[in-house]
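Single-letter residue listing:
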Amino acid sequence: MSQDRPLNNAELLSVLDWYRAAGVDMAVVDEPVDRFAQKPPAAATLPPRAAQPSQGAVSPSPAPGPIGGDPSEARQLAASAQSLDALRNVLERYDGCGLKFRATQLVFADGNPEAKIMLIGEAPGAEEDRQGKPFVGRSGQLLDRMLAAIGLDRTSVYIVNTVPWRPPGNRTPTPEEMELCLPFLNRQVELVAPKLVMTLGGPAMQTVFKTTSGIIKMRGKWQDVAIGNHTVPALPTLHPAYLLRNPPAKQQAWRDLLSFRQRVDELGLA
Ligand code: URA
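Residues numbered from 1 in each chain as written. Predicted model: local features only at pLDDT ≥ 70, side-chain atom pairs only at ≥ 80, totals over all residues. Heavy atoms only, no water.

Caption draft 1: Just the overall build of the chain, in detail. Helix and strand counts for the chain come out as eleven helices and six strands. Taken across its 270 residues, the chain has 45% of its residues classed as buried. Pairs at least 24 residues apart make up 71% of the contacts formed inside the chain by residues separated by at least 6 positions. As displayed, the chain offers around 14300 Å² of accessible surface, 53% of which is attributable to carbon and sulfur atoms. (Helix = DSSP H or I, 4+ residues; strand = E, 2+ residues; numbered from the N terminus. Buried < 20%, exposed > 50% of the residue type's maximum accessible area, 1.4 Å probe, protein only. Contact = heavy atoms within 4.5 Å. Areas by Shrake-Rupley, 256 points an atom, 1.4 Å probe, with all protein chains shown as cover.)

Structure follows, in structure tokens:
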């Protein structure tokens, strides 16, 4: 049945809901658009925000105007943050990584910043992008159950991703995007100074362990890793999204979780 009248608001919203339920989360047009050729949005040229008293120093103050996509600048900006709030503030204003312009918002961290256990995932997905928190979608729900199975929860861990903005269409972040975001991850780890780290999935493992090996080979093997200037024992395990697609792999993940819990107990961390 076709209708000639325009749709009303309620009908438009229900069409959008239907798209969302069907997994459509990006608007596209008939002709391809080369977004790399476009100028950054106006936000990229905003002057620096006034320092907020509670957010610590963000010195040296970045120059007015856009911040470029230069890894050494990213390193300098990250190093300037003396607290997690300051680091979040720096990232909110950082325009060097193109992922920011296609994401809804920054996904900085979740959990307890005082925790001595840090989990590092890959990148925010659609739900994380909507809520501004890591691991709040389906894989996040599984992650919560995995943590609960070894007596942990978001009050006892701090959760971050290798990149803090959602890659369009949930693609894997490119090496360039990773390189630009890595100084911020390194700084986040330095500021939290965890006593144990668990990486979730291949890309996070490769970034943290500085390897091109695959996750299937590496999972379950502890190593001391240097993340920024902080050295910490780290355990790579499988990503919850992979476990959702491959339930039999939960056996391996369970072994990793038990090994992780054992270290937590040895160090008296939770
Ligand atoms: N997958 C990730 O790696 N990180 C998230 O925050 C969500 C899903």
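Caption draft 2: Structural context of the site of the ligand. In the vicinity of the ligand, the residues found are G121, E122, A123, P124, E128, P134, F135, S139, N161 and H239. In this structure, a nitrogen atom belonging to the ligand sits 3.0 Å away from a main-chain N or O atom of A123. Separating an oxygen atom of the ligand from a side-chain N or O atom of H239 is a distance of 2.8 Å. Bound to the protein, the ligand loses 93% of the 240 Å² it would expose on its own. Of the residues assigned to the shell around the ligand, the class counts are four nonpolar, four polar and two charged. (Near = heavy atom within 4 Å. Polar contact = N/O pair within 3.5 Å; in protein donor to acceptor, adjacent residues only side chain to side chain. Nonpolar A, V, L, I, M, F, W, Y, C, P; charged D, E, K, R; others polar.)

Caption draft 3: Spotlight on the pattern of salt bridges. Enumeration over the complete set of coordinates arrives at ten salt bridges. E11 is paired through a salt bridge with R5; the nearest N and O atoms lie 2.7 Å apart. Residue classification places E11 among the partly exposed positions, given a relative accessible area of 23%. A residue is classified by how much of its surface remains accessible, and R5, at 40% relative accessible area, is partly exposed. For R154, the salt bridge is made with D144, and the minimal N-O distance between the two is 2.8 Å. Placement of the pair is R154 in the loop between helix 6 (138-149) and strand 3 (158-161) and D144 in helix 6, with a sequence separation of ten residues. Members of the salt-bridge network, linked through shared partners, are D110, D144 and R154. (Salt bridge = Lys/Arg side-chain N within 4 Å of Asp/Glu carboxyl O.)

Caption draft 4: Spatial organisation of the side chain of S156. In this structure, S156 sits in the loop between helix 6 and strand 3. Leaving out residues up to four positions away in the same chain, S156 has contacts with A115, I117 and A270.

Caption draft 5: View of empty space enclosed by the protein. Here the structure, examined in full by the defined rule, presents one cavity of 30 Å³ or more. Within this model, the largest cavity holds a volume of roughly 60 Å³. As for the largest cavity, its lining consists of L91, V107, F108, N161, T162, P164, C181, F184, L185 and Q188. Here the lining of the largest cavity gets four residues from one element, more than from any other, and that element is helix 7 (residues 175-192). The residue makeup of the lining of the largest cavity, split by class, is seven nonpolar, three polar and no charged. (1 Å grid on protein atoms, 1.4 Å probe; cavity = no way out; pocket = protein on both sides within 12 Å on 5 of 7 lines; lining within 4 Å. Points joined across faces, edges and corners; volume = space filled by probe spheres on them.)

Caption draft 6: Summary view of the confidence of the model for the chain. Across the chain, the average pLDDT comes to 87, with 81% of residues at 70 or higher. Below pLDDT 50 for its whole length, residues 42-68 participates in 44 contacts with residues either more than four positions away or in separate chains. (pLDDT = per-residue confidence, 0-100.)

Caption draft 7: Representation of the pairing of strand 6 (residues 230-237). Counted residue by residue, strand 6 has seven buried out of eight residues, so it is predominantly covered. As paired elements, strand 5 (residues 223-227) and strand 6 share five bridges and run antiparallel to each other. The partner of A226 across the bridge, within strand 6, is T231. Between strand 5 and strand 6, which follow one another and run antiparallel, lie two residues, and G228 among them has a positive phi close to 60°. (Pairing = 2+ DSSP bridges.)

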